[in-house]
Structure formats: structure tokens, C-alpha cells
Amino acid sequence: LPVKEYLVKHRDYLVRERGLLNNVVYWYLLPIFISEVLFFVGQYRSMAVLIISILFVFIVNAAIYFLNKVAVKKVFDPLIIQIDKAIDDFKMITD
């Protein structure tokens, strides 16, 4: 596989991965959050324990969401920019 084609495919992969991380709420956090809430409702002991449990789950999920957003900004966006520059450099060399 030529280097330019590899860079283009790797860029496409990173863009899809970035999209997954940006939408982590829908495919990862929401289904688990609903299941956890239903679990705690089923284990009902008192309203205070239920609220604390759901709040804890919400805070953990919010932390996961924001860590994914940080990963997109600090890891994936710079990588995509570097690959774009490399692809442009290859275009300039071959043109």
C-alpha cells in the first residue's frame, strides 16, 4: 500500500473513531445508564439511597463523557491535522 493511500485510509479511520468518541453518549453511556438506573430502582431501599446511587452513576458517566471529549481534542484532532499536512505534502511532491 503506497504511503499516501495509507495516510488517507488512516485519516478516514481516525475521523470515524473521533465520531464514535463524540457520540459516546448514544452508543455507550445511555444504554448502560438506563440499565443501571433500572437496577437501582429494582434494589429500592430508600429514596435517599436511590437518589445517591443514580447521582453517582450520573457523575461517573459525565466523567467518561468529558474524558472522551478531551481525548478527541488532545489526541484525535491533532493527529488528523498532522495527517492532513502529510497528505498535502505528498500532493505537492507528486504534482
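Residues numbered from 1 in each chain as written. Predicted model: local features only at pLDDT ≥ 70, side-chain atom pairs only at ≥ 80, totals over all residues. Heavy atoms only, no water.

Asks: Tell me what's going on with the packing of helix 2 (residues 24–42) against helix 3 (residues 47–94), and back it up with residues and numbers.
Replies: Direction vectors running N to C along helix 2 and helix 3 enclose 165°, while the axes themselves pass 10 Å from each other. The pairing of helix 2 with helix 3 is recorded here as roughly antiparallel in orientation. Crossing hand, helix 2 versus helix 3: right-handed. Across the interface between the two elements, Val-24, Val-25, Tyr-28, Leu-29, Phe-33, Glu-36, Val-37, Phe-40 and Val-41 from helix 2 touch Leu-50, Ser-53, Ile-54, Val-57, Phe-58, Asn-61, Ile-64, Tyr-65 and Asn-68 from helix 3. (Axes fitted to C-alpha atoms, helices over the stretch in contact; angles between N-to-C directions. Helix = DSSP H or I, 4+ residues; strand = E, 2+ residues; numbered from the N terminus. Parallel < 35°, antiparallel > 145°, perpendicular 65-115°, else oblique. Left-handed = near helix turned anticlockwise from the far one by under 90°. Contact = heavy atoms within 4.5 Å.)

Asks: Could you give an account of the nonpolar core, with specific residues and numbers?
Replies: Leu-7, Leu-14, Leu-21, Val-72, Phe-76, Ile-80, Ile-83 and Ile-87 together form the largest nonpolar core, which totals eight residues. Elements with a minimum of two residues in this core: helix 1 (3–22) and helix 3. Considering each element in turn, this core owes the most residues, five residues, to helix 3. (Core = buried A, V, L, I, M, F, W, Y, C linked by side-chain atoms within 4.5 Å. Buried < 20%, exposed > 50% of the residue type's maximum accessible area, 1.4 Å probe, protein only.)

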